[in-house]
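Per-entry structural report
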Amino acid sequence: MKGVRPDIALLKQNGITAVAFTRMDDPKVIPLWFGEGDAVTADFIREAAKKALDDGETFYVHTRGIESLRLAIKSYLDSLYAMDVDPRRISVPGSAMIGVTIAAQMALNKGDEALIVSPHWPNIETTYAVTGAKINMVRQRETENGWQLSASEIVDKVTEKTRSIYINSPCNPTGWIMPRKDQEELLACCRERNILLIADEVYHRHIFGADVAPSFLQIAKDDDPVVVVNGFSKAWAMTGWRVGWVVTPVEQSEHWAIMSECFNTGATVFAQHACIAALERGEPVVQQMQSQYEAAAKLVNDAFEGQRRIKLAPPKGAFYAFPKIEGIRSSLNFTKALLAEEDVGVAPGYTFGIGNEQNIRVCFAQSHERLQEGLDRIVRFVERYDNH
Ligand SMILES: Cc1ncc(COP(=O)(O)O)c(C=O)c1O
C-alpha cells in the first residue's frame, strides 16, 4: 500500500464492524453487535450540551479537559470509592479509546512486549499493534461459574521485555471480573518490574449484585505505573459523544497534555459540559441501566440454558454474553448467515482473539422486548444451522 507503513497496511478491520457495516442502518435488524443499548442519552445531559452551545462554548480548551469537568470527575470518583484523588492525575483526552491509545503509545516501543488478557475487545489489540510492540495474550478460562483468571496466571506470562499489561474488568466480551486480591497481586508485579498497567474500567458500574466493580484506583498509589481508563459511553449511555477520562500517575500529567495535542487536542468542548451534568445528576440514570442490564443477563441465561448446542459461561458484569455454539466452524459465516436469515446482528467470536472461533458475542443492552425477540431468533437459528 503506497505511503503506508507495512505493519499498518497489514491491520484488518475488526469483525464487529465487518459484519455490522453491511446492514447498520437497516431498521429490520435487531442490533446486538455493538456495545450499546437503544436508549438515547438522557434529556438533561442533551440539554446541557445545547446550553453550552448557546453559551458559545465552541473554542479550544485545555488539552487535558476543562477544569470544571476534571473536578466533577474527581468528586464522582471520591464519592464512589471513598477516596481523595489528586486532581493532577485526571485528564480528559477524548474518548476512553484515545485514553488506551495514548497510554499504550507512552509505554511501548518497537521490540517491547505487551500482555493482553483475552478474550478481548479487538480495538485494543489494534491499538497495541500500532505501537510496534509484540503482543502476548493470556487467556481467561471458561468455567461453569463464568470466566476465570488468576493474577498468578497473568504474572506467569510476563517476560523481561513486558512493558505494559492490559486488563479490562468487567470484561468485554466475557463479563469476567478481576477480584481485589488478584488486582493487588498484579499491581505488586507491575510496581516491582515497572510495567505500565492499563486498567480499562469502562464497565465499572456494570457488575451484577453490586454497585461498582473493584477498581485499581482504590489500591494504586499516586506514583504507581497504572493508568485507569474510564468514560461516559457505557454507564451514562453516551457512546456517540466520545468523551472519557484517565487517572494517571501524577508525574505523567504534563505528558497527557502533550500526547492529547497530537491525537484530537482534547475532547469536544460542549460535550464536556454535558458530561458534567451526567456526573452531577446522572446517578438515577446509571442505576436504572444497572437494573435493566442485570435483568437482561437473566433473560439471556434463561434463553440459552438447556439449549443443546449453546454453552454459556454466565457473565458477572459488563453487558455481553459470549456463548459457544457447538459444531460451528466459522463464527464469521455463522454471524453473516444469522443476519441474512433472521435479521439479528451479533459479533463473531474470532475477532475477540484466538480460541473463539465457535463463539458469538451478544450485547444485551437493548430494551428487553427487542432483546427477547433477538434471543428467540438466535435460538431458533442455531437449531437449524448446520455446517458440520
Ligand atoms: C473494553 C472497552 N474499552 C474501551 C471502549 C471504548 O469506549 P469509548 O466509547 O469511550 O471510546 C469500549 C467500547 O466498546 C470497550 O468495550
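Residues numbered from 1 in each chain as written. Predicted model: local features only at pLDDT ≥ 70, side-chain atom pairs only at ≥ 80, totals over all residues. Heavy atoms only, no water.

Quick notes on helix H11 (residues 283-304)
The terminal C-alpha atoms of H11, which comprises 22 residues, lie 32 Å apart, in line with the 32 Å expected from a rise of 1.5 Å per residue. If you check which residues of H11 are buried, you get Val285, Val286, Met289, Gln290, Gln292, Tyr293, Ala296, Ala297, Val300, Ala303 and Phe304. Summarising the contacts, the buried residues of H11 are in contact with helix H3 (43-54), strand E11 (310-311), strand E12 (320-321), strand E16 (360-363) and helix H13 (368-384). Following H11 by one or two positions, glycine 306 adopts a phi angle in the positive range, close to 80 degrees. (Helix = DSSP H or I, 4+ residues; strand = E, 2+ residues; numbered from the N terminus. Expected span 1.5 Å × (residues − 1). Buried < 20%, exposed > 50% of the residue type's maximum accessible area, 1.4 Å probe, protein only. Contact = heavy atoms within 4.5 Å.)

Things to note about the pairing of strand E10 (residues 244-247)
Neither face of E10 is exposed, since Gly244 and Val246 on one face and Trp245 and Val247 on the opposite face are all buried. By the bridge criterion, 3 bridges tie strand E2 (residues 90-94) to E10 in an arrangement that is antiparallel. Bridged to glycine 94 within E10 is glycine 244. When strand E9 (residues 226-231) meets E10, the two strands line up antiparallel, connected through 4 bridges. Residue pairing for E10: valine 228 is matched across the bridge by valine 247. (Pairing = 2+ DSSP bridges.)

A closer look at the sheet that holds E12
Taken together, the 3 strands give an open sheet; going across it, the order is E12-E16-E15, and neighbouring strands pair in antiparallel fashion. Because the sheet does not close on itself, it has two edges, and the strands there are E12 and strand E15 (347-348). Of the strand pairs in this sheet, E12 and E16 are connected by 2 bridges, and their pairing is antiparallel. Paired with tyrosine 320 across the two strands is cysteine 363, which belongs to E16.

The analysis is restricted to geometry; functional conclusions fall outside its scope.
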